[in-house]
Amino acid sequence: MTSFLQSFIDPKKNFLARMHMKAISTRLRRYGLRYDDLYDQYYNMDIKEAMNRLPREVVDARNQRLKRAMDLSMKHQYLPEDLQAVQTPFRGYLQEMLALVERERKEREALGALPLYQRTIP
């Protein structure tokens, strides 16, 4: 059953998945974003922990992309075509660290240890 689902969402095997990936890529290129920029660190504590573990340069570049995207959105503009051509929307920077953080959290839960972090109301 899982192989069927994997083939269903794989863009190499499914035409609709390929179309969806192309549409997402086009929308991200217009604003100069990467797919990992869409993860919200206030929604999930694992994402926040993964962001804290990333190098400062990567986090700063992410913040700059988000600021530029908000500025372009407020101005109802897109990036120029030459800059859109060099964007890499599916080059990930967060997935490996997020997988590591989730593995550590699950391991701590399995061992019965206290969680590394707890949600607090700001």
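Residues numbered from 1 in each chain as written. Predicted model: local features only at pLDDT ≥ 70, side-chain atom pairs only at ≥ 80, totals over all residues. Heavy atoms only, no water.

Under an unreviewed UniProt entry, the protein chain has the name Cytochrome b-c1 complex subunit 7 and belongs to Cardamine amara subsp. amara. In its Subcellular location (unreviewed entry) section, UniProt records this for the protein chain: "Mitochondrion inner membrane". (UniProt positions renumbered as here; feature names shortened; annotations may be inferred.)

(A) Unusual backbone geometry, seen in detail. Non-glycine residue H76 carries a positive phi angle of around 55°. Within the fold, H76 resides in the loop between α4 (56–74) and α5 (81–85). Among the residues examined, H76 registers a relative accessible area of 75% and is labelled exposed. (Helix = DSSP H or I, 4+ residues; strand = E, 2+ residues; numbered from the N terminus. Buried < 20%, exposed > 50% of the residue type's maximum accessible area, 1.4 Å probe, protein only.)

(B) A look at the packing of aromatic side chains. By the definition in use, this model includes 3 aromatic pairs. Measuring from centroid to centroid gives 6.4 Å for Y35 and Y39, while their planes differ by 85°, and the two rings are edge-to-face. Through successive ring pairs, a cluster of aromatic residues spans Y35, Y39 and F90. When the ring centre of Y78 is taken as reference, the NZ or CZ atom of R30 above it lies at 4.9 Å. (Phe/Tyr/Trp six-rings, centres within 6.5 Å; stacked < 30°, edge-to-face > 60°. Lys NZ or Arg CZ within 6 Å of the ring centre and 35° of its normal.)

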